[in-house]
Structure formats: C-alpha cells, structure tokens
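Fold and geometry: a report
Now for the letters of each chain:
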Amino acid sequence: MSSRLPNSDCIPWLAVLILECLAIVILNIITIIVFVKQRQLQRQSTYLIIHLAIVDFLVGAISGPLQIDESLIYCDLRNHRASNNIWSSHLKFAVLHLFSFSSLFNLIFISLERLHATFRPFKHRFVKKWIYGVIIAVIWLTTTARESVQIVLKEKGISPILINSTMYLSFYLISVFLICFCYILIVVKVRCSRHPYHHGAATIRERKLTGTSLIVALVSLLCYLPAITFTATEQVYNQPLFQLYSRSLFHIIMTVLFTFLANSIVNPLIYALRLPGFRAGVSQIFCRTSNRTIPADLPLRNLRPA
C-alpha cells in the first residue's frame, strides 16, 4: 500500500499501547516503592530485581512512547517529517530500544546471580554490595555501547538487514541461550541435590526467589519471542518488513510491539503472586488511610468530669 492506513485501524492500537505504557509506569513505581519500604525485601539478592523494576519503568516512560510514535508512520494521524537535527535523530534512535535491551540484559545477570546462589550458597551470602553496583554498571555500559555501534553502522550506510542480524537477532539469541542454560543448570542442581529436605530459613527464601526469577525469565522470553521471530523473518526475506505498508502486516507489527512491551508489565504481577512480602507491601500502600483511622471512642475516652 502506498497510502497510510485509516485512523479506524490506528486509533484502537494507539489507545491500547498508551494504556499499556501507563500500566508499566504505575506498576513498576509500586514495585520500586514496595522493595524500598519493605526491609525483608531489601536483601542483596533483590538488588538486581529492584534495578529491573527501574529499567522497566523507563521502558514505559521513555522507550514505549518513542516506539508508539515510530509506529505512527503507518497511520494518517499526523504529518511525519524528517528531523533536521541529526543529533536528536540519533538520540531517539538509540533510546528507542536502550531500556528494553537493558531489561533483557538485566535478566541475564539475574539468572547468573541465581546460578551462583544455587551452586555456591555459602559464598553467595558474603558477596559484597559493590559487586552488584559493578554488574549494574556493566549492564548500562554494554547496552549503551551496543546502541552507539548501531548508530555508527547506520551512519556508514550499512544495510538495515545486516544491522538487525548483528545487533538484534544475535543479541536476542545469545541472551535466550544464556538465560535458558543457567536455569537448566539450576533445575538439574535442585533435582539432584543430596539433601533435598534439608532447608534452613535462608535456603527456603533463596529457593523461593530463584523460582520467582525463573518464572519471570520464562514469561519475559515468551514476550520477546514474537520480536525474535519477526526479526528472523526479515532475515529470511532479506527486507525490512516494517517499511512495507500493509494492513495485515501493520496489525502483526502492533501485536509484536504489544508483547514486546508486555515484558515490562508482567514482572510486578509475578512478584505479587509469588512473594508474600511484596503482597504485604502493596497492602500497606493501599491500606495506609485505613490504618490511620481514629478510633470512634477516642473522644469519649478524652472526656473528663468537671
């Protein structure tokens, strides 16, 4: 199709994606507040989970709206003009997927951290806090370097298909392999443990957190699967499919974008289902006003006979 799609096709998807971004922002703000306020959740093992919530918040606040704006090239909602400022164009291109890939990279380190906690539980308890700071710095440096290389390749006129195969598909596949490999080793270790019934309180908490991290990783990979499939399909056809104007293709791309962003919304829901401390923190946030209610008999108790 040479013309843009009608608003009847675009506006429903626009509304759904905007609501999804709002949900991502709200739920991850609640997650950050709960982890900060609940002392029983403030353990070294949850530092990367807190960072993941911050990154997912940035996905909903920055990357999501930019990706929605990018999808409007299919629609007749507004005029699209190329930006004259090359630096603003590069910045938008870099931030478009920066936080989404930071979230995926964060999942890799969570799986590695859980692997270390499973195979070396005693040593894991004495891991220094600064190591988690180094891990977070590595996450941001790696993803920022990836986006910078992508901009350089784009400026040199490298084919989008080549960029996608090297900077997108390979990153997806390596990430999926590392996450799956770590959790397969964890499952094998737990199943083959010589003392399956010997659990202390700390061990039970760590296994609970490992199971929660496993569910988060599996659900995230399911959310990323449509994007991986779409990128791989472009390699087969040797053509950027997003440049083709087709009504059916538009709905496929919007579905891929919806599931891609959904990765940042499912984590708080999983925490609420799996972590009792998280549920207690959420209850405290929404029940604070009821806890501050003045007892009805207070004025009667303060009365004193003259």
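Residues numbered from 1 in each chain as written. Predicted model: local features only at pLDDT ≥ 70, side-chain atom pairs only at ≥ 80, totals over all residues. Heavy atoms only, no water.

1. Quick look at the overall build of the chain
The line we're drawing: In DSSP terms, a helix is any run of H or I states spanning at least four residues, a strand is any run of E spanning at least two, and both are numbered starting from the N terminus. Each residue gets one of three labels from its accessible area relative to the maximum for its type: buried under 20%, exposed over 50%, partly exposed in between, using a 1.4 Å probe on protein chains only. When checking whether two residues touch, look at their non-hydrogen atoms; a contact exists if any pair is within 4.5 Å.
Secondary structure summary: the chain contains 11 helices and zero strands in total. Helices (α) and strands (β) of the chain occur, in sequence order from the N terminus, as α-α-α-α-α-α-α-α-α-α-α. For the chain, the proportion of its 306 residues judged to be buried stands at 40%. Considering only contacts within the chain whose residues lie at least 6 apart along the sequence, 84% involve residues at least 24 apart.

2. Digging into a nonpolar patch on the surface
Going by this rule: Candidates for patches are residues over 30% relative accessible area with no salt bridge; among them, like charges are joined within 9 Å and nonpolar side chains (Val, Leu, Ile, Met, Phe, Trp, Tyr) within 5 Å. Accessibility throughout is a Shrake-Rupley quantity obtained with a 1.4 Å probe, and a residue counts as covered only by protein chains that appear here. Salt bridges are defined by distance alone: a side-chain nitrogen of Lys or Arg within 4 Å of a carboxyl oxygen of Asp or Glu.
A cluster of nonpolar side chains, namely Ile-18, Leu-19, Leu-22 and Ile-26, defines an oily patch on the protein surface of about 390 Å² accessible area. Tracing the backbone through its elements, the reader meets Leu-19 in helix α1 (residues 7-37).

3. Examining the packing of aromatic side chains
As a reminder, the rule being used: Ring pairs shown here join Phe, Tyr and Trp side chains whose ring centres sit within 6.5 Å, with only the six-membered ring taken for Trp; geometry is labelled stacked below 30 degrees between planes, edge-to-face above 60, and tilted in between. Geometrically, a charge over a ring is one whose NZ (Lys) or CZ (Arg) sits within 6 Å of the ring centre while staying within 35 degrees of the ring normal.
A complete count under the given rule lists 12 aromatic pairs for this structure. Aromatic pair Phe-101 and Tyr-172: ring centres 5.4 Å apart, planes at 40°, arrangement tilted. Of this pair, Phe-101 sits in helix α3 (residues 86-119) while Tyr-172 sits in helix α6 (residues 160-191), placing them 71 residues apart in sequence. Each ring, one from Phe-177 and one from Phe-181, has its centre 5.9 Å from the other, and the planes form 15°; the classification is stacked. Residue Phe-177 and its partner Phe-181 are located together in helix α6, separated by four residues, close to a single helical turn. By way of ring pairs, the aromatic residues Phe-101, Phe-105, Phe-109, Tyr-168, Phe-171, Tyr-172, Tyr-224 and Phe-260 are connected into one cluster. The ring centre of Phe-101 lies 3.8 Å from the NZ or CZ of Arg-146, which sits over that ring.

4. Observations concerning the pattern of salt bridges
For the structure on display, the rule yields two salt bridges. In this structure, Arg-114 engages Glu-113 in a salt bridge whose closest nitrogen and oxygen atoms are separated by 2.8 Å. Residue Arg-114 is classed as buried on the basis of its relative accessible area, which comes to 0%. Judged by its relative accessible area of 8%, Glu-113 falls in the buried class. Between Glu-147 and Arg-146 there is a salt bridge; the shortest N-O distance is 2.3 Å. The exposure class of Glu-147 is buried, given its relative accessible area of 2%. Residue Arg-146 is classed as buried on the basis of its relative accessible area of 7%.

5. Points about the nonpolar core
We apply this condition: Only buried residues count toward a nonpolar core. Its members are Ala, Val, Leu, Ile, Met, Phe, Trp, Tyr and Cys residues joined through side-chain atoms within 4.5 Å.
Residues Tyr-172, Ile-179, Phe-250 and Tyr-271 are the most contacted members of the largest nonpolar core, which totals 68 residues. Contributions of two or more residues to this core are made by α1, α2 (47-71), α3, α5 (129-155), α6, α7 (201-237) and α8 (247-274). Broken down by element, this core gets its largest block of residues, 13 residues, from α8. Here Tyr-271 is in contact with Thr-31, Phe-35, Ile-49, Leu-52, Thr-212, Val-216 and Phe-278, once residues within four sequence places are set aside.

6. Regarding the state of the cysteines
Defined as follows: Note on terminology: pairs of cysteine sulfur atoms within 2.5 Å are recorded as disulfides.
A complete count under the given rule lists zero disulfides for this structure. With no disulfide of its own, Cys-180 lies 9.5 Å from the sulfur of Cys-182, the closest cysteine sulfur. Here Cys-180 falls in the partly exposed class, since its relative accessible area comes to 30%.

7. Side note on the environment of Ala-23
Mapped onto the fold, Ala-23 is located in helix α1. Separated by 37 residues in sequence, Ala-23 and Gly-60 place their C-alpha atoms 7.9 Å apart.

8. Looking at the confidence of the model for the chain
As a reminder of what qualifies: The predictor attaches a confidence to each residue, and that confidence, scored 0 to 100, is pLDDT.
Residues of the chain with pLDDT of at least 70 account for 80%, and the chain-wide mean is 79. In the predicted structure, residues 293-306 sits below a pLDDT of 50 and forms one contact with residues beyond four places in sequence or in another chain.

9. A closer look at the environment of Val-176
Along the chain, the position of Val-176 falls in helix α6. Sequence-distant contacts of Val-176, that is, excluding residues within four places in its chain, are made with Leu-221 and Ile-228.

10. Here we look at the side chain of His-97
Looking at the element boundaries, His-97 is found in helix α3. Ignoring anything within four residues of it in the chain, the contact list for His-97 reads Gln-67, Glu-147, Tyr-168 and Phe-260.

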